[in-house]
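Next come the chains, spelled out residue by residue.
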Amino acid sequence: MAKAGLNRIDMPKQAVAKRIQNFSEVATGYTPSDAHIEAARCLQCKKRYCVEGCPVNIDIPEFILALREGDMPEAARILKKTNSLPGVCGRVCPQETQCEQACILNKKEVPIAIGRLERFVADWEREHSAEVNLPKSLKPKSGKKAAVVGAGPAGLTASAELARLGHDVTLFESLHTAGGVLMYGIPEFRLPKDIVQGEVEYVKSLGVKIELNAVAGRLFSLDDLFKQGFQAVFLATGAGLPLFLNVQGENLNGVYSANEFLTRINLMKAHSFPEYDTPVKKGKKVAVIGGGNVAMDAARCALRLGAEEVSIIYRRSEVELPARKEEVENAREEGIKFHFLTSPVRFLANEQGKVRAMDCQKMELGEPDASGRRRPIPVDGSEFEMDIDLAIIALGTRPNPLVMQSAPDLQVNPNGTVAAGISGQTSHKAVWAGGDIVTGSDTVISAMGAAKRSALVMDEYLRSL
Amino acid sequence: MYTIIERQDLLPKVHLLKIQAPKVAAAAAAGQFVILRVDTEGERFPLTIADWDAQAGTVTVIYMEIGVSTRKLAKLGKGDAILDFAGPLGKPTEIENFGTVVCVSGGFAMATIVPIARAMKEAGNRVISIVGARSKDLFFWHDRLTKYSDEMIVCTDDGSAGIKGLVTEPLRDLLSSDTKLDRVIVIGPSVMMKFCSKTTQPFGVKTIVSLNPIMIDGTGMCGCCRVSLDGQTRFACVDGPEFDGHKVDWDGLLVRQKSYVAEEAVASERCRCKEEGCGNHG
Ligand SMILES: Cc1cc2nc3c(=O)[nH]c(=O)nc-3n(C[C@H](O)[C@H](O)[C@H](O)COP(=O)(O)OP(=O)(O)OC[C@H]3O[C@@H](n4cnc5c(N)ncnc54)[C@H](O)[C@@H]3O)c2cc1C
Ligand SMILES: Cc1cc2nc3c(=O)[nH]c(=O)nc-3n(C[C@H](O)[C@H](O)[C@H](O)COP(=O)(O)OP(=O)(O)OC[C@H]3O[C@@H](n4cnc5c(N)ncnc54)[C@H](O)[C@@H]3O)c2cc1C
Ligand code: SF4
Ligand code: SF4
Ligand code: FES
Ligand SMILES: [Mg+2]
């Protein structure tokens, strides 16, 4: 057994100078030897703290043991038993606040790199799927029909679970590709799109029928689904509606929502324009407004398109930054600048109606607000102008009201989220909801956890009919 | 895949496609549009639903070749398939018995306004249509529009048919006449919609326009299609595309529509080179 060192094995990454020139994955993944050394550090605890920290309760010690013993097919089977998208989760889960935070080693030294090991196994499985031989079903066919709306992580997970539980599942997606934010939001350099599509193929292999270009609320209403013979519905349309600042000049050319900027690049491959037909603006001096993961992703994309200077403009201070530490570090390494305690007041145009500058004001932190974070207050007379030629607004998103508008009896909260109980049951008979549509923007794994809880209850309901 | 079952070339560079899309056909209503993607490298771009047949399961679009995406589409004919075809999108036109409704159109919209004129007529309105084009050779679907119009006014820039001049002139005459107008609907190039709205504004006649900002998803996710209405931001793909023309920030819209002219020129040039095989482009 390799030395159980204090430090865990670092993730190999592309060198900074190289990676800012391409959209390939930054973290290149453990080698087999890295994975074995890291796996050897695991204490195989009787009391499985780590498992409790995972929203889908992966049998973490067991998969690590299988990996350590060289039984990769078994490691893969253990992962897939509880998580239909391990290649995604191993890459984008905020492990530091979930499984790895709960790991016993976190108390004394450094937790096991559970996410990295999960990714290693999932990547092995993609190349050796024939050897894994996953069971396709857990229960006999029920003859019942379920509809899932929205093919992000929540919808994909609910579909996979319902199919494995023996139901006939159709998944409706408005875009031309399944995957949700995994396809249009999170950039290729954090989550390669062929990995997402590999996971989508797995969901299809369970018998799930995916209907693309199907916009719920326009092509069909919730009640239409029941008329078409579906007996239960899971709503998972996410929180895709972008918020704006509502300041002067926000509709100028060169001012993007993060969703638009990222969609052009990730979904439409605008970084390969003109081989691909969709264009995107490449700024020289770019300002990204916001401090979450979305802001980091947008900033790092702008850099890779060739910007000379990319700045994050955040109205609170560094300690309140909501983005994952790892991504902030990656962004810093790549040369992204940070302007804390700063907020835009208006955007200014050149003669062609394109943004040329942004007026900002400095902020100071006052008393904590409803979110528990200290409220930013503008400092009088602190306005200054910043030259920019591209601005990207990454203030967050809300659930898109399209589906809800077509279902007046579905109860919606004042912030636009769908009202749902612990297992996702809504005010509408036989309709469950989960993921960002219920929580507002959250995480991939919490969306998947919610979907799994709903699928179990939906299974009971369908079998009781 | 969505199969093309009929193609007609209505004018040089203006084509009609009848596409097999039964679900879209079953849900479509006047004023709505689809977003399509021709191939895997393609853009998502919107076209208005010019007609549909729920029984046959078909949707008809009419479009003008202007850039890469519309040119790609123009290469397809009967039997070919379109990769993606999402719809119906946008809110349907508000249809009621308003009284007298004026339908003003120009360009490809002389076709896309037909379902609206038809629905207005069926709802019991008196329908007056005003159609404009540069010259008499550029009219199509004239017969269909006539069928649903109680009165038909034709304008050409060069005077080769009907009144010589812009559609705003007969519109102003109608507004100043004794006829009480209850609603005006204008569909066509943005500049035309802008000037028609400016024409009706002093008369206080509610004027509906169908905006065509640049779109991507068409579901309210990207905010690319945002337009300003009385200072409020709206997403044309979900809140529209029809809005009150008196509230629209026209100059903002016109500027945003030109966001990518430089890139569009690059793409067009590359596409032309590929077609003509200049050998310098991939
Ligand atoms: C840029 C970015 C980076 C992120 N980074 C991370 C990260 O590193 N780690 C992490 O854990 N989380 C991250 N998140 C958050 C995470 O992606 C979301 O919490 C998660 O995707 C939510 O899953 P979901 O299935 O609820 O919704 P979504 O992923 O939003 O999927 C919803 C799906 O429904 C479809 N849809 C919408 N409306 C309709 C309709 N009317 N009819 C049919 N289909 C419809 C959408 O097209 C989409 O495919 C990030 C988010 C963004 C935007
Ligand atoms: C709701 C709506 C309905 C429409 N209906 C029709 C129709 O029935 N028939 C028709 O011929 N045209 C219609 N259009 C316009 C049509 O979408 C554009 O002509 C087309 O996208 C041009 O693409 P291109 O690549 O061929 O040209 P490009 O050279 O790329 O663009 C030419 C111009 O078209 C506009 N445009 C470009 N990309 C888009 C886009 N993704 N979305 C919207 N506009 C864009 C821009 O103003 C641009 O300057 C409609 C637009 C909207 C928004
Ligand atoms: S799915 Fe996420 S939370 Fe669960 S074990 Fe994997 S990385 Fe940890
Ligand atoms: S808590 Fe940590 S050390 Fe213990 S079994 Fe889980 S991963 Fe291994
Ligand atoms: S086209 Fe994306 S929000 Fe309207
Ligand atoms: Mg184009």
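Rules behind the numbers
- Residues numbered from 1 in each chain as written.
- Chains lettered and ligands numbered in written order.
- Predicted model: local features only at pLDDT ≥ 70, side-chain atom pairs only at ≥ 80, totals over all residues.
- Heavy atoms only, no water.
- UniProt positions renumbered as here; feature names shortened; annotations may be inferred.
- Helix = DSSP H or I, 4+ residues; strand = E, 2+ residues; numbered from the N terminus.
- Contact = heavy atoms within 4.5 Å.
- Buried < 20%, exposed > 50% of the residue type's maximum accessible area, 1.4 Å probe, protein only.
- Near = heavy atom within 4 Å.
- Nonpolar A, V, L, I, M, F, W, Y, C, P; charged D, E, K, R; others polar.
- Axes fitted to C-alpha atoms, helices over the stretch in contact; angles between N-to-C directions.
- Parallel < 35°, antiparallel > 145°, perpendicular 65-115°, else oblique.
- Polar contact = N/O pair within 3.5 Å; in protein donor to acceptor, adjacent residues only side chain to side chain.
- Areas by Shrake-Rupley, 256 points an atom, 1.4 Å probe, with all protein chains shown as cover.
- Domains from an automatic or database assignment.
- Core = buried A, V, L, I, M, F, W, Y, C linked by side-chain atoms within 4.5 Å.
- Salt bridge = Lys/Arg side-chain N within 4 Å of Asp/Glu carboxyl O.
- Buried area = accessible area lost by both parts, 1.4 Å probe.
- Pairing = 2+ DSSP bridges.

Per an unreviewed UniProt entry, chain B is named PyrK family protein, and its organism is Dehalococcoides mccartyi.

For chain A, the name recorded in an unreviewed UniProt entry is Glutamate synthase (NADPH), homotetrameric, with Dehalococcoides mccartyi as its organism.

Visitor: Explain the UniProt feature "binding site: [2Fe-2S] cluster" (unreviewed entry) in chain B to me, and be specific about the residues and the numbers.
Guide: Under the present numbering, the feature "binding site: [2Fe-2S] cluster" (unreviewed entry) in UniProt falls on Cys222(B), Cys225(B) and Cys237(B). Look at the named residues: they lie 16 residues apart in sequence, but the longest C-alpha span between them is just 10.1 Å, so in the fold they bunch up. As for its position among the elements, Cys222(B) is in the loop between β14 (207–210) and β15 (226–229). Once you skip the residues sitting within four places of it in the chain, Cys222(B) turns out to touch Pro242(A), Ser257(A), Asn259(A), Glu260(A), Ile216(B) and Asp217(B). Using a relative accessible area of 2% as the deciding quantity, one classes Cys225(B) as buried. With near-sequence residues (within four places) excluded, Cys225(B) lies in contact with Pro213(B), Ile214(B), Met215(B), Arg234(B), Phe235(B), Ala236(B) and Cys237(B).

Visitor: Which residues make up the environment of Arg234(B), and what values go with them?
Guide: All names here are of chain B. Its place among the elements puts Arg234 in strand β16 (residues 232–235). Under the relative-accessibility criterion, Arg234 is labelled partly exposed at 33%. For Arg234 and Lys247, which are 13 residues apart along the polypeptide, the C-alpha to C-alpha distance reads 11 Å. Residues in contact with Arg234, not counting those within four places in the same chain, are Cys225, Arg226, Val227, Leu229, Asp239 and Phe243.

Visitor: Go over the site of ligand 4 with me, naming the residues and quoting the values.
Guide: Every residue close to ligand 4 is listed here: Cys42(A), Leu43(A), Gln44(A), Cys45(A), Cys50(A), Pro61(A), Cys103(A), Ile104(A), Ile112(A) and Ile114(A). Here the residues of the shell around ligand 4 are counted per class, giving nine nonpolar, one polar and no charged.

Visitor: So what about the packing of helix α7 (residues 190–200) of chain B against helix α9 (residues 250–257) of chain B? Which residues, and what values?
Guide: All names here are of chain B. Packing of α7 against α9 brings their axes to within 11 Å, and their N-to-C directions diverge by 180°. Of the possible angle classes, the one that applies to α7 and α9 is roughly antiparallel. Where α7 approaches α9, its residues Ser190, Val191, Met193, Lys194 and Ser197 are matched on the opposing element by Trp250, Asp251, Leu253, Leu254 and Gln257. Its residues assigned to classes, the contact of α7 with α9 shows five nonpolar, three polar and two charged.

Visitor: Mind laying out the UniProt feature "domain: FAD-binding FR-type" (unreviewed entry) in chain B, listing which residues take part and the relevant values?
Guide: Under the present numbering, the feature "domain: FAD-binding FR-type" (unreviewed entry) in UniProt falls on residues 1–95 of chain B. For residues 1–95 of chain B, helix accounts for 14% and strand for 46%, while the C-alpha atoms at its two ends are 32 Å apart.

Visitor: Can you tell me about the site of ligand 1, naming the residues and giving the values?
Guide: Residues and elements named next belong to chain A. Looking at ligand 1, there are 34 residues lining it, with Val92, Ala154, Glu173, Arg190 and Asp436 nearest. Residue Ser174 places a main-chain N or O atom 3.1 Å away from a nitrogen atom belonging to ligand 1. One of the backbone N or O atoms of Asp436 is found 2.8 Å from an oxygen atom in ligand 1. Taking 1,000 Å² as the accessible area of ligand 1 by itself, protein coverage stands at 95%. Going through the elements one at a time, α11 (153–164), α16 (293–304) and α20 (444–464) are the ones with two or more residues in the shell around ligand 1. Broken down by element, the shell around ligand 1 gets its largest block of residues, three residues, from α16. Residues that form the shell around ligand 1 fall into these classes: 19 nonpolar, ten polar and five charged. For the shell around ligand 1, the domains that each give at least three residues are domain 2 (145–240 + 399–464) and domain 3 (242–396).

Visitor: Run through the nonpolar core, naming residues and quoting values.
Guide: Of all hydrophobic cores here, the largest spans 84 residues; its most connected members are Ile60(A), Phe63(A), Leu117(A) and Phe234(A). Among the elements that make up this core, the one with the highest residue count is α20(A) (nine residues). Other than its neighbours up to four places away in sequence, Ile60(A) contacts Cys50(A), Val51(A), Cys54(A), Cys99(A) and Ile114(A). Ranked by size, the runner-up nonpolar core spans 42 residues in total, among them Phe172(A), Leu219(A), Val24(B) and Leu76(B).

Visitor: Report on the pattern of salt bridges, specifying residues and quantitative values.
Guide: All names here are of chain A. All told, the structure shown has 53 salt bridges over all chains when counted by the stated rule. We note a salt bridge from Asp459 to Lys139, for which the minimum N-O separation is 2.5 Å. Here Asp459, found in helix α20, pairs with Lys139, found in the loop between α10 (129–132) and β1 (145–149); they are 320 residues apart in sequence, far enough to count as distant. Under the relative-accessibility criterion, Asp459 is labelled buried at 4%. Exposure remark for Lys139: the relative accessible area of 34% places this residue in the partly exposed category.

Visitor: Got a sec to walk through the interface of chain B and chain A? Specific residues and values, please.
Guide: Taken together, the contact pairs 47 residues of chain B with 40 residues of chain A. Considering only the surface of chain B that becomes buried against chain A, Met221(B), Arg226(B) and Tyr260(B) emerge as the three largest contributors, covering 19% of it. On inspection of chain B and its partner chain A, the count reaches three salt bridges. Salt-bridge contacts for Glu211(A) lead to Lys23(B); the nearest nitrogen and oxygen are separated by 2.9 Å. Linking chain B to chain A there are 22 residue pairs in polar contact (both at pLDDT 80 or more).

Visitor: I'd like to hear about the sheet that holds strand β4 (residues 45–48) of chain B, residue by residue, with values.
Guide: Residue and element names in this part refer to chain B. Read across the sheet, three strands follow the order β4-β3-β8 without closing on themselves; strand pairing throughout is antiparallel. Each edge of the open sheet is held by one strand with a lone partner, namely β4 and β8 (84–89). Across the sheet, the axes of successive neighbouring strands diverge by a mean angle of 25°, strand direction being ignored. Of the pairings in the sheet, the one linking strand β3 (residues 33–37) to β8 comprises four bridges and is antiparallel in character. Residue pairing in the sheet places Leu36 in a bridge with Phe85 of β8.

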